[in-house]
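# Structure assessment
Letter by letter, the chains look like this.
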Amino acid sequence: MNSILVYHTISSPAKALPGDIDISPERFEQQLQWLSRWCKVVRLTHTLRPTPGSRKVAITFDDGFRDNLTVALPLLERFKLPMTLFVTAGFVGTGLYLSREEVHELSKHPLITIGAHGLLHRHFTKMTRAEAKFELKHSRKMLEEMTGKTVDLMAWPYGECNDELEQLSEEAGYRASWSVWRGHNTRHSLFRVPLGRNDNMPRFIAKVSGAYFPVKTLENKIADLRLKIADRRRPANVLSQALPKNSEISIQ
Ligand SMILES: [Zn+2]
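Bear in mind that the values here come from a model prediction, so they are computed numbers and not experimental data.

Take the overall build of the protein chain next. Along the backbone of the protein chain there are eight helices and ten strands. Against the globule reference of 18 Å for 252 residues, the protein chain gives a C-alpha radius of gyration of 18 Å, in line with a compact fold. If one aligns the C-alpha atoms of the protein chain with their principal axes, the spans along those axes are about 55 × 40 × 40 Å. Relative to its full complement of 252 residues, the protein chain shows a buried share of 38%. A sequence separation of at least 24 residues applies to 63% of the contacts in the protein chain between residues at least 6 apart.

This is how it looks when you write it as structure tokens:
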């Protein structure tokens, strides 16, 4: 099985961002150095082709933080490693995120592929079918207008997907979509491994090599089962109150 890594922001905020999404430039550089020496790092689309026997690694970024351009790209150029940026279309041009011009510039870079990541980074599993269809369609359209290129890859915000969403994503014209840890690992919910500030080298190597994978999959299954059991025991009218708040859901 291939290892698809997902990063968010390459920065060192004093306080960890919710969801463990920040990693320092120093730690990121160390990881790239290790990858370039020991792994076969390929474009994300190359991992869609089955090649038994050789584990490949692809690098992705979610959300579209500006530091993907200013901090990550120079390092990736130095090590000549490709990356895919899953950009939240509605975030473009706001706060810490890339501008339209920057997305356009990045899309022309030979090491970079642009993919979609929803319109406003909402939970797809909590949307109506119509809302999900709207987001899938319009996030893609906006990014295609910005880049002048076909955008047919996507990553689910919070890594959340299900059978119905997989089908909608296919109908919306996406070739493939990626989750985080969870999913069926079919063409529309492919596993990715998230990296954050706590990933020192031994932990990073375990994640890249797949050694960490069975542990995490088992943890997720247990967590899902616990949630299901708790849901069954709870009266229907308090179900929604019992679900974790959006900001508290960890992607790891
Ligand atoms: Zn995201």
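Residues in a regular strand project their side chains so that they alternate between the two faces of the sheet. In terms of residue burial, strand β5 (residues 56–63) counts as a mostly covered element, since six of its eight residues are buried. Taken together, the two bridges between strand β4 (residues 40–41) and β5 define a ladder with parallel strand orientation. If you follow lysine 40 over to β5, its bridge partner there is lysine 56. On the question of chirality, the crossover connecting β5 to the parallel strand β6 (residues 83–87) by way of helix α2 (residues 67–79) is right-handed.

What follows concerns the confidence of the model for the protein chain. Residues of the protein chain with pLDDT of at least 70 account for 92%, and the chain-wide mean is 88. Note that residues 237–252 has pLDDT below 50 and, in this model, 18 contacts with residues that lie over four places away or in other chains.

An ideal rise of 1.5 Å per residue puts 18 Å on 13 residues; α2 measures up with 17 Å between its terminal C-alpha atoms. At leucine 73, α2 is deflected by roughly 40 degrees, the largest bend along its length, and proline proline 74 occurs up to four residues later in sequence. Contact partners of the buried residues in α2: β2 (9–10), α1 (25–38), β5 and β6. Phi turns positive, to about 55 degrees, at lysine 80, one or two residues after α2.

A separate point is the packing of helix α4 (residues 129–147) against helix α5 (residues 163–171). A pair of packed helices is characterised by two quantities: the angle between their axes and the separation of those axes. As a packed pair, α4 and α5 sit with axes 10 Å apart at the nearest point and diverge in direction by 40 degrees. On the basis of the axis angle, α4 is oblique to α5. By crossing handedness, the relation of α4 to α5 is classed as right-handed. From α4, Ala132, Lys133 and Leu136 reach across to α5, where they touch Leu165, Leu168 and Ser169. For the contact of α4 with α5, the class distribution of residues is four nonpolar, one polar and one charged.

Moving on, we get to the nonpolar core. Of all hydrophobic cores here, the largest spans 54 residues; its most connected members are Ile4, Leu85, Val87 and Ile114. Leaving out residues up to four positions away in the same chain, isoleucine 114 has contacts with Leu85, Val87, Val103, Leu106, Ser107, Leu143, Thr147 and Val151.

Okay, unusual backbone geometry next. The phi dihedral of lysine 80 is positive, around 55 degrees, even though this residue is not glycine. For lysine 80, a count of 10 C-beta atoms within 10 Å gives the class exposed. For tyrosine 158, which is not a glycine, the phi torsion comes out positive at approximately 60 degrees. Tyrosine 158 gets classed as buried once you count the C-beta atoms within 10 Å, which come to 21.

How each quantity is defined
- Residues numbered from 1 in each chain as written.
- Predicted model: local features only at pLDDT ≥ 70, side-chain atom pairs only at ≥ 80, totals over all residues.
- Helix = DSSP H or I, 4+ residues; strand = E, 2+ residues; numbered from the N terminus.
- Rg over C-alpha atoms; globule rule 2.2 N^0.38 Å.
- Buried ≥ 20, exposed ≤ 12 C-beta atoms within 10 Å, placed from the backbone.
- Contact = placed C-beta atoms within 7 Å.
- Pairing = 2+ DSSP bridges.
- Right-handed = clockwise from strand over helix to strand, strands pointing away.
- pLDDT = per-residue confidence, 0-100.
- Expected span 1.5 Å × (residues − 1).
- Bend = angle between axes of the 7 residues up to and from the residue.
- Axes fitted to C-alpha atoms, helices over the stretch in contact; angles between N-to-C directions.
- Parallel < 35°, antiparallel > 145°, perpendicular 65-115°, else oblique.
- Left-handed = near helix turned anticlockwise from the far one by under 90°.
- Nonpolar A, V, L, I, M, F, W, Y, C, P; charged D, E, K, R; others polar.
- Core = buried A, V, L, I, M, F, W, Y, C linked by C-beta atoms within 7 Å.

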